[in-house]
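Summary of structural features
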Amino acid sequence: MVLVVTVLLACNSADDWQLTTTITEKSKVQMEIIEISPGYYGYAIRQNGKLLIEQKHIPAIQQFKPFVNRVETERVGMLVKEKVEHEIFPPIISVGELDSLGISY
């Protein structure tokens, strides 16, 4: 993600300075937890409002098994978000990463 900061100084009189800061994010990546059905979760990754990934099951395992709690879903979703922010695409998740995050599958 690239962050652009613009600082403007304006002077109305010798003792009256005004500071204006504008922050613009070039690439905004968001992660949201989605409820697949009651008690089953997945996540969505959006960049600048555009849907990049909708993950309805735990990645990297041989089954199509959804997450069963929001905490584990958020852990994996945030890791994927971080990979997208660092321009790692596709943001593949390994079984080792699932284990290190404490994901039950």
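Residues numbered from 1 in each chain as written. Predicted model: local features only at pLDDT ≥ 70, side-chain atom pairs only at ≥ 80, totals over all residues. Heavy atoms only, no water.

What follows concerns the environment of Ile93. Structurally, Ile93 can be placed in the loop between helix H1 (70-85) and helix H2 (95-100). On the basis of relative accessibility, which here comes to 7%, the residue Ile93 falls in the buried class. The residues touching Ile93, leaving out its near neighbours within four places in the chain, are Pro59, Ala60, Val76, Leu79, Val80, Lys83 and Leu98. (Helix = DSSP H or I, 4+ residues; strand = E, 2+ residues; numbered from the N terminus. Buried < 20%, exposed > 50% of the residue type's maximum accessible area, 1.4 Å probe, protein only. Contact = heavy atoms within 4.5 Å.)

This structure, assessed with the given rule, holds one aromatic pair. Here the aromatic rings of Tyr43 and Phe67 are separated by 6.2 Å at their centres, their planes lie at 50°, and the arrangement is tilted. A residue pair is termed long-range when its members are at least 10 positions apart, and Tyr43 in strand E4 (residues 40-47) and Phe67 in the loop between strand E5 (50-55) and H1 qualify at 24 residues. Residues Tyr43 and Phe67 agree in their burial class; the two are buried. (Phe/Tyr/Trp six-rings, centres within 6.5 Å; stacked < 30°, edge-to-face > 60°.)

This part covers the sheet that holds E4. Sheet architecture is open: three strands sit in the order E3-E4-E5, paired in antiparallel fashion. Taken across any chain shown, the strands that pair with only one partner, and hence form the sheet edges, are strand E3 (29-37) and E5. Averaged over all adjacent pairs, the angle separating strand axes in this sheet is 25°, with direction ignored. When E4 meets E5, the two strands line up antiparallel, connected through five bridges. Considered in E5, the bridge of Ala44 is made with Glu54. Sheet strands touched by H1: E3, E4 and E5. Its angle to E4, the strand with the most contacts, is close to 20°. (Pairing = 2+ DSSP bridges. Axes fitted to C-alpha atoms, helices over the stretch in contact; angles between N-to-C directions.)

As a further point, take H1. In an α-helix, one turn spans 3.6 residues, which is why side chains three or four residues apart end up on the same side. For H1, which comprises 16 residues, the first-to-last C-alpha distance of 22 Å matches the rise-based estimate of 22 Å (1.5 Å per residue) to within 8%. Turning to H1, its buried residues number three or more, namely Glu72, Thr73, Val76, Gly77, Leu79, Val80, Lys81, Lys83, Val84 and Glu85. If you follow the buried residues of H1, they end up packed against E3, E4, E5 and H2. Positioned one or two residues after H1, Glu87 has a phi angle of 60°, which is positive. (Expected span 1.5 Å × (residues − 1).)

Just distances and angles here, no functional claims.
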